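# Fold and contact review
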Amino acid sequence: MKIETHNAAETKAIAAEFAVTLKGGELVLLIGDLGAGKTTFVQGLCAALGVTGRVKSPTFSVMNEYVADHRAIRRVIHLDLYRFTDESELRALALEDERRPDSVVLIEWPNAIAYDFVADAVVTIEHASGDERTIRIE
Ligand code: ADP
Ligand code: MG
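Residues numbered from 1 in each chain as written. Chains lettered and ligands numbered in written order. Predicted model: local features only at pLDDT ≥ 70, side-chain atom pairs only at ≥ 80, totals over all residues. Heavy atoms only, no water.

The coordination sphere of the magnesium ion (ligand 2) contains the protein donors T39 (OG1) and E108 (OE), at a distance range of 2.2 Å. On the criterion of sequence distance, the pair formed by T39 in helix 2 (residues 38–48) and E108 in strand 5 (residues 103–108) is long-range, its members being 69 residues apart. The same class applies to T39 as to E108, namely buried. (Donors = N, O, S within 2.8 Å, 3.2 Å for Na, K, Ca; no water. Helix = DSSP H or I, 4+ residues; strand = E, 2+ residues; numbered from the N terminus. Buried < 20%, exposed > 50% of the residue type's maximum accessible area, 1.4 Å probe, protein only.)

Structure (structure tokens):
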């Protein structure tokens, strides 16, 4: 699927549509430059899964956890690997423990490290011009 959005609200709406396809247990990668809208997409996705409260970029915290209110999904795990330089940092997170049937794991900047994630979906956001973004979900 490929779609153009013209503002952050539209990107959040696309994320909410994507959220409908989630059943729990998924790993989703978010690819795109700084400011592309990855975190904005996560905010829309979290809202659609019933997360209340502010969803912030985990650039410094690396991993944030949110409580969801959805029939099957109870937690959203949001990571940003932007500052990672090698795979050992990933191992230290013990991410496999976070992949549960009642959780969705969302990873920004998976390409910061060489690790080959086995993902259920890849969201690629391209900054076209101004507020226009091209979003691809595969
Ligand atoms: P990333 O996580 O990819 O670095 P963010 O989501 O943090 O990016 O930031 C994207 C910025 O671009 C936000 O300030 C958002 O309001 C703005 N923006 C403007 N137009 C769009 C759009 N069409 N989709 C997503 N974000 C947009
Ligand atoms: Mg971000």
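A separate point is the packing of helix 1 (residues 8–19) against helix 2. Think of two packed helices as two axes; the pair is described by the angle between the axes and how far apart they sit. One can describe the packing of helix 1 onto helix 2 by two numbers: an axis separation of 7 Å at closest approach and a directional angle of 50°. One way to sum up the angle between helix 1 and helix 2 is to call them oblique. In this structure, the crossing between helix 1 and helix 2 has a hand that is right-handed. From helix 1, A8, T11, K12, I14, A15, A16, F18 and A19 reach across to helix 2, where they touch T40, F41, Q43, G44, L45 and A48. For the contact of helix 1 with helix 2, the per-class residue count stands at nine nonpolar, four polar and one charged. (Axes fitted to C-alpha atoms, helices over the stretch in contact; angles between N-to-C directions. Parallel < 35°, antiparallel > 145°, perpendicular 65-115°, else oblique. Left-handed = near helix turned anticlockwise from the far one by under 90°. Contact = heavy atoms within 4.5 Å. Nonpolar A, V, L, I, M, F, W, Y, C, P; charged D, E, K, R; others polar.)

Turning next to the site of ligand 1. Near ligand 1 there are 16 residues, and of these T11, G35, K38, T40 and D131 occur at the shortest range. The side chain of T40 places a nitrogen or oxygen atom 2.6 Å from an oxygen atom of ligand 1. Measuring from a nitrogen atom of ligand 1, one finds a backbone N or O atom of D131 at 2.7 Å. Contact with the protein chains covers 74% of the free accessible surface of ligand 1, which is 570 Å². Those elements that place two or more of their residues in the shell around ligand 1 are helix 1 and helix 2. A total of three residues in the shell around ligand 1 trace back to one element, the largest contributor, which is helix 2. Of the residues belonging to the shell around ligand 1, the class tally is three nonpolar, eight polar and five charged. (Near = heavy atom within 4 Å. Polar contact = N/O pair within 3.5 Å; in protein donor to acceptor, adjacent residues only side chain to side chain. Areas by Shrake-Rupley, 256 points an atom, 1.4 Å probe, with all protein chains shown as cover.)

Here seven strands make up an open sheet; going across it, the order is 1-7-6-2-5-4-3 and the pairing mixed. Two strands lie at the open edges of the sheet, namely strand 1 (2–5) and strand 3 (63–67), each paired on one side alone. Taking each pair of neighbouring strands and ignoring which way they run, the sheet shows an average axis angle of 20°. Sheet topology places strand 2 (residues 27–31) next to strand 6 (residues 121–127); four bridges connect them, and they run parallel. Bridge assignment links L29 to a residue of strand 6, and that residue is V122. (Pairing = 2+ DSSP bridges.)

A few words on the packing of aromatic side chains. Scanning all chains against the criterion turns up three aromatic pairs. Consider the rings of Y82 and W109, whose centres lie 4.9 Å apart with planes at 50°: the pair is tilted. Remark: W109 occurs in the loop between strand 5 and strand 6 and Y82 occurs in the loop between strand 4 (75–80) and helix 3 (87–93); sequence separation between them is 27 residues. Take Y82: its relative accessible area is 39%, and that puts it in the partly exposed class. Of the residues examined, W109 reaches a relative accessible area of 16% and is grouped as buried. (Phe/Tyr/Trp six-rings, centres within 6.5 Å; stacked < 30°, edge-to-face > 60°.)

Let's shift gears to the nonpolar core. Counting residues in each nonpolar core, the largest one holds 26 residues, and the members touching the most others are F41 and L45. Those elements that place two or more of their residues in this core are helix 1, strand 2, helix 2, strand 5, strand 6 and strand 7 (133–137). Dropping the residues within four chain positions of it, L45 is found in contact with A15, F18, A19, L22 and L106. In terms of nonpolar packing, the next biggest core, distinct from the first, is built from 14 residues, V62, L79, F84 and L90 among them. (Core = buried A, V, L, I, M, F, W, Y, C linked by side-chain atoms within 4.5 Å.)

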